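Below, each chain spelled out in residue letters.
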Amino acid sequence: MDIQSKDFLKNFIYNNSFEKNHQDLLTLLRNEIFERREGLNLTQSGELSYERSRFIHKEIESPLDVLANPDRLFALAEWAGLLDVSCFSIIMVHYNLTMGTFFDHALKNKGVADFVEELDSLSSFGPYMATELGYGNNVAALKTQAVYDHEEKCFYLNTPDQLSQKYMSYSGFSHIPKIAVVMARLIIKDKDYGVFPFAVRISDLDGLCEGITAIPCPEKPVQGLDNGLTSFNHIKISLNQALFGEIAEINENGEFVAKIKNVRARFLKSMSRIMPGRLCVSSAALGGGKASCYIALKFAQHRLTNAPGGQDTAIINFLPYQREMFINLAKIYAMSALTNNGKSRFLSIDGDIDSELTSQINLTKALVTWEMTDVIISCRERCGAQGIFSVNRITEYISLLQGLVTAEGDNQVLIATVAAQLVNMEYTPGSQVYDNGDKYDSFTPESITGLIALREKNLIKEISEHRLSFNGTFFDEWNSISNDAIHLSKLWGYRVAIETMINWKSESVESQNLIKALANLFGLYVIQKDIGWYIDSGKLSKNLLMSINKQMDGLCSELLPKVDEIIEAFGYDEDLFKSPICYPEYQRVFTDFAKSSRTKLLEESL
Ligand SMILES: Cc1cc2nc3c(=O)[nH]c(=O)nc-3n(C[C@H](O)[C@H](O)[C@H](O)COP(=O)(O)OP(=O)(O)OC[C@H]3O[C@@H](n4cnc5c(N)ncnc54)[C@H](O)[C@@H]3O)c2cc1C
């Protein structure tokens, strides 16, 4: 294998920061604490995830140092859940959402310095309590109240009804000390000033603090974490525990003074960790997608079956297998490009995130988690029965992705927000439109971006013409264009991904060509989604459009000898996952593992 080329591809996948930000995280996953343990009940596996999270915290720089280096935070998001998907949730809520809120709004607030110290040293874990039972996607309408008492210079935190119980945040293990960031509605003299973060001790070594109730949520598959329903009964918290930062203050007369005038802008600033959080979620989703492809493709090279009219052959040699799995690889590279593009733009900003980058990050989170969900489910199926065993990991990534598509902004709602933004601004695709396909007999990544831009322009035109002639309520109007607008948003994201791949420069021509081949395959997958429209548009020759399947197969043949390079660029090896199907002698490893785990457990229970 060409080592050089693999390393260049690794630069593409990890945005040139593998050695700096990822390598040591991979190394610490080799510690015995991450060894698979069979037969744990859900509570035991949840407890183990907390233990493993403590280990990660002990081995790397402090949360505050991680927060000062967002690229490191993104790397941590990718690796924390790779061998224990629950560690992603614990670590990311603690580091990004909770510590991040202190980092953004309270480092100068001496009144919470002890809290910061406890969280930074992990003497306490930090849940983040925004969502309420009745307020998820509509979280801005949440009802938990922080009522200010000027005489006592404190707030009384209260849960007014069942719908306003804090929901999903991690409060169920009340024996673990926890200090939460609680999002609550600030009320001063009966007036509502909007939602702000408050620092609240939830539990200490003696259990839940007075006035707080935490009911563990019902069981869910795979992840044994302690999602809970948390309520506050008029608990008293000090003025300093309001993490107002540069958003607002309460003056000496007990009056609210807004440093940001607009209520919505104040809310978004209060929830400032959501934007880097969405890039963290995208990173974790890519980790699950890459690992699934790595494991499945290793298996495909060893698992033999009978080929028509010939000798036994590895399943990777079958073209239908290649078509599906190589499109999965193309999706991983394309979605890595999209995420890296968003990360680079996020890292380069100085100050607030503008609305365009906000939309790009929102879109990235939705597209990456959706595409990786499909990739992982497909990998599970392509491994046959082996795909269902936890030791082969893929089913656990399915569970991870089910959380990721919903948490930190549900995908459907996020993409609808992006769509609304696109149709309400003068959006035009940056790429040159490509509409004279008669001259070409094959697709290139460049022509594909032009074709996507062509479809985007068409959608923009159709949507604006429809809106001009529409008569009805605002909601009816939105419903009548929203699916087209969402499609437009997706095309924008796919195009940015392919353009980023095209523009990637490497000293290795071979690696650059490989990225172009993957971009081409991904592009064809995108074009196929709109094939009816392209045929109807008359802009391209029928022959060209009808050749898509053949071109996909041609690209698969081109990629087949490069599969090792493409998956080795993820930086993994068989011993990282210890999944039996990764090994050439999987029959022995699987049998040995079955004997040492299940058989032993059954013998013990008899
Ligand atoms: C594993 C996991 C961990 C979590 N951890 C935390 C945590 O630590 N802290 C925390 O505060 N929260 C947490 N959450 C909660 C998470 O943020 C919410 O689940 C999320 O915001 C969605 O809210 P909801 O579940 O109430 O969905 P709902 O708001 O009930 O939405 C359900 C569905 O309704 C539809 N819908 C809703 N609104 C619209 C709309 N405007 N347009 C179109 N369709 C719409 C969509 O199809 C959506 O999928 C976690 C969630 C999960 C899954």
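## Considering the site of the ligand
Neighbouring the ligand are 17 residues; Tyr128, Ala130, Thr131, Asn137 and Asp410 lie closest to it. At 2.7 Å, a backbone N or O of Tyr128 approaches a nitrogen atom of the ligand. In the model, an oxygen atom of the ligand is placed 3.0 Å from a nitrogen or oxygen of the Gln412 side chain. Its free accessible area being 980 Å², the ligand has 62% of it covered by the protein chains.

## Let's talk about helix H19 (residues 548-559)
Residues spaced three or four apart along an α-helix point in a common direction, a consequence of the helix completing one turn every 3.6 residues. With twelve residues, H19 extends 16 Å between its outermost C-alpha atoms, agreeing within 8% with the 16 Å of an ideal straight helix rising 1.5 Å per residue. Restricting attention to buried positions, one finds in H19 the residues Ile548, Gln551, Met552, Asp553, Leu555, Cys556 and Leu559. The inward-facing, buried residues of H19 contact helix H10 (319-348), helix H16 (509-529), helix H17 (531-537), helix H18 (542-546) and helix H20 (563-568).

## A closer look at the packing of aromatic side chains
Summed over all chains, the structure comprises 27 aromatic pairs. Pairing Tyr494 with Phe522 gives two aromatic rings, centres 5.6 Å apart and planes at 70°, and the pair type is edge-to-face. Placement of the pair is Tyr494 in helix H15 (residues 474-503) and Phe522 in helix H16, with a sequence separation of 28 residues. One aromatic cluster in this structure is built from Phe12, Tyr14, Phe18, Trp79, Tyr294, Tyr333, Trp504, Phe570, Tyr572 and Phe577. Seen from the ring of Phe18, Lys10 lies directly overhead, with NZ or CZ sitting 4.3 Å from the centre. One residue, Lys490, lies across the ring of Trp370, its end atom 5.0 Å from the ring centre.

## Description of the pairing of strand S5 (residues 178-188)
Among the eleven residues that make up S5, eleven are buried, leaving the element largely enclosed by the rest of the structure. Pairing of strand S1 (residues 128-129) with S5, which is carried by two bridges, proceeds in the parallel orientation. When the bridges of S5 are listed, Tyr128 appears paired with Val181. Where strand S2 (residues 145-149) and S5 come together, three bridges link them in parallel fashion.

## Structural notes on the sheet that holds strand S9 (residues 227-232)
If you trace the three strands from one edge of the open sheet to the other, you get S4-S9-S8, paired in antiparallel fashion. Whereas interior strands pair on both sides, the edge strands pair on one side only; in this sheet they are strand S4 (166-170) and strand S8 (212-216). For this sheet, the mean inter-axis angle between neighbouring strands, taken without regard to orientation, is 40°. Relative to S9, S8 is paired through five bridges, and the arrangement is antiparallel. Its bridge partner being in S9, Ile212 is matched across the sheet by Phe232.

## A look at the packing of helix H5 (residues 70-80) against H10
One way to put it is that H5 packs onto H10 with a least axis distance of 10 Å and a crossing angle of 150°. The orientation of H5 with respect to H10, classified from their angle, is roughly antiparallel. Contacts between H5 and H10 involve Pro70, Asp71 and Phe74 from the first element and Lys343, Phe346 and Leu347 from the second. The residue inventory of the contact of H5 with H10, partitioned by class, reads four nonpolar, no polar and two charged.

Cut-off values and rules
Residue numbering note: each chain is counted from 1, following its sequence as written. With the structure being a predicted model, the display of local features is reserved for residues of pLDDT at least 70 and the display and counting of side-chain atom pairs for 80 or more, all residues being used for whole-chain, interface and lining totals. Excluding hydrogens and water, the side-chain figures rest on all heavy atoms present in the structure. For this description, a residue counts as near a given molecule or strand if any of its non-hydrogen atoms is within 4 Å of it. For the purposes of these results, a polar contact is taken to be a pair of N or O atoms within 3.5 Å, where, inside protein, one atom must be able to donate a hydrogen and its partner to accept one; residues adjacent in sequence count only when each atom of the pair is a side-chain atom. Only the protein chains shown count as cover for residues, with accessible areas throughout obtained via the Shrake-Rupley method and a probe of 1.4 Å. Numbering of helices and strands runs from the N terminus; a helix is a DSSP stretch of H or I covering at least four residues, while a strand is a stretch of E covering at least two. One fewer than the residue count of a helix, multiplied by 1.5 Å, yields its expected span. Partly exposed residues are those whose accessible area sits between 20% and 50% of the maximum for their type, while under 20% is buried and over 50% is exposed, using a 1.4 Å probe and protein chains only. The contact criterion used is simple: two residues touch if any of their non-hydrogen atoms lie within 4.5 Å. Side-chain rings of Phe, Tyr and Trp (the six-membered ring for Trp) are treated as a pair once their centres are within 6.5 Å; stacked means planes under 30 degrees apart, edge-to-face means over 60, and tilted covers the remaining angles. By definition, being over a ring means that NZ of Lys or CZ of Arg is both within 6 Å of the ring centre and within 35 degrees of the ring normal. By the convention used here, strands pair only if DSSP detects at least 2 bridges between them. In this description, a line fitted to the C-alpha atoms serves as the axis of each element, helices being fitted only across the stretch in contact, and the angle between N-to-C directions of two axes falls anywhere from 0 to 180 degrees. Here the word oblique covers every angle except those under 35 degrees (roughly parallel), over 145 (roughly antiparallel) and from 65 to 115 (roughly perpendicular). Each residue gets one of three labels, nonpolar for Ala, Val, Leu, Ile, Met, Phe, Trp, Tyr, Cys and Pro, charged for Asp, Glu, Lys and Arg, and polar for the others, Gly among them.

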